[in-house]
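Coordinates in review
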Amino acid sequence: MWRVDLLYKRVFDMIEHMNDRGLPEELEAIAPGPELFSLLAAVDRRSLSETDRVRLARARNRLASHVQGELVADLYAVTWGEAPDEEAPGRHPDASRYPWAEVEVAFALTWTRTSAALRLEQARQLLEDLPRVWKALRAGELDVPKVLVICELASWLEDSATARAVVDRVLDRAAGLTTGQLRARLRRLVLAVDPDAARPPGATAGATPGGGGGGDPPHTAGGGGRRPAAPGQCARWGGGGGV
């Protein structure tokens, strides 16, 4: 309990001096969580300098990423009591491996079943296949748009261990890249491992998506892969809530 008291005493001290000095110098070092939340909740944007308003946005983005990481874990936890149906995604592209959890999440959060299935599969992919990516999201090191790019491109590879190894090669630098730079680098690595990864199902070897453009597969809504478009990728995040 004394740790909680100490934490909030530190927050109160920073808030007390914020009106005179602006945001605390150590803001960037505060891990996303209760301390950062309490501090940012007390900020008066009008009293901040232009530089501090930018710092505020960055800190809030780290906090939002942390909350999204926790939501991912919450959704995954809903599936714990249900044995996965590994054949479900093959039977229907919008099905999840957890049909009962899918119904529960859709009802509880007033999402469509399709959106619930997508978010549950995103949670499974992050917690099981790409745990380092989930930890980076929860720590506020990566935000949602970058995580979506990573999940999407990782889903082009059928083997999760191979996908994880490819993602590990860019993960340490991902925070400093734009989503476009991250997509380009990861796409090159994925195709170096499997040149046919972007080929639509049923296409012959050497065929380019869409008849020769060399872009993303047309069946994947902007870049899914060889797995079923909805369950095997993180192509969308906002379809069922979140950001």
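See above for the structure.
Treat the numbers as computed from the prediction; the structure is a model and nothing was measured. (Residues numbered from 1 in each chain as written. Predicted model: local features only at pLDDT ≥ 70, side-chain atom pairs only at ≥ 80, totals over all residues. Heavy atoms only, no water.)

1. Overview of the nonpolar core
Quick reminder of the rule: We call a set of buried residues a nonpolar core when its members are Ala, Val, Leu, Ile, Met, Phe, Trp, Tyr or Cys and they connect through side-chain atoms within 4.5 Å of each other. Relative accessibility under 20% of the residue-type maximum defines a buried residue, over 50% an exposed one, and the middle range a partly exposed one, all with a 1.4 Å probe and only protein chains included. Put simply, DSSP H or I for four residues or longer makes a helix, DSSP E for two residues or longer makes a strand, and each gets a number counted from the N terminus. It only takes one pair of heavy atoms within 4.5 Å for two residues to be counted as in contact.
Counting 42 residues, the largest nonpolar core has Val133, Ile150 and Leu186 as the members making the most contacts within it. Listing elements by their share of this core, those giving two or more residues are helix 3 (50-78), helix 5 (99-109), helix 6 (113-129), helix 7 (131-138), helix 8 (144-154), helix 9 (160-174) and helix 10 (179-193). The biggest single contributor to this core is helix 8, with eight residues. For Ile150, the residues in contact, after removing those within four places along its chain, are Leu130, Val133, Leu142, Val167, Leu171, Leu182 and Leu186. Listed in part, the eleven residues of the second largest apolar core include Leu36, Leu39, Val43 and Leu56.

2. Concerning the pattern of salt bridges
Here is the rule: Within this document, salt bridges are pairs made up of a side-chain nitrogen of Lys or Arg and a carboxyl oxygen of Asp or Glu, the two lying within 4 Å of each other.
Scanning all chains against the criterion turns up eleven salt bridges. In this structure, Arg55 engages Glu28 in a salt bridge whose closest nitrogen and oxygen atoms are separated by 2.9 Å. Here Arg55 is found in helix 3, whereas its partner Glu28 is found in the loop between helix 1 (2-21) and helix 2 (34-41), with 27 residues between them in sequence. Residue Arg97 pairs with Glu121 through a salt bridge whose shortest N-O separation is 2.5 Å. With Arg97 in the loop between helix 4 (88-91) and helix 5 and Glu121 in helix 6, this pair connects stretches of sequence that are 24 residues apart. With respect to burial, Arg97 and Glu121 carry one shared label: buried.

3. What about helix 7?
The condition is simple: In this description, the arc belongs to the directions extending from the helix axis to the C-beta atoms.
Those residues of helix 7 that sit buried are Val133, Trp134, Ala136 and Leu137. The buried residues of helix 7 occupy an angular sector of 160 degrees when projected down its axis, which confines them to one face. Along its buried surface, helix 7 packs onto helix 3, helix 6, helix 8 and helix 9. Two residues or fewer past helix 7, Gly140 is found with a positive phi of approximately 80 degrees.

4. Focus: the layout of surface pockets
The following threshold applies: Points on a 1 Å grid, built from protein atoms alone, make a cavity when a 1.4 Å probe fits but cannot get out and make a pocket when they are open with protein on both sides within 12 Å along at least 5 of 7 lines; residues with an atom within 4 Å of a point are the lining residues. Grid points are joined across faces, edges and corners, and a volume is the space filled by probe spheres set on the points. Three categories are distinguished: nonpolar for Ala, Val, Leu, Ile, Met, Phe, Trp, Tyr, Cys and Pro, charged for Asp, Glu, Lys and Arg, and polar for the others, with Gly belonging to the last.
Roughly 300 Å³ of internal volume is contained in the largest pocket. In this structure, the largest pocket is lined by 14 residues; those nearest its centre are Arg58, Asn61, Arg62, Gly140 and Glu141. Broken down by element, the lining of the largest pocket gets its largest block of residues, six residues, from helix 3. Split into classes, the residues belonging to the lining of the largest pocket amount to four nonpolar, three polar and seven charged.

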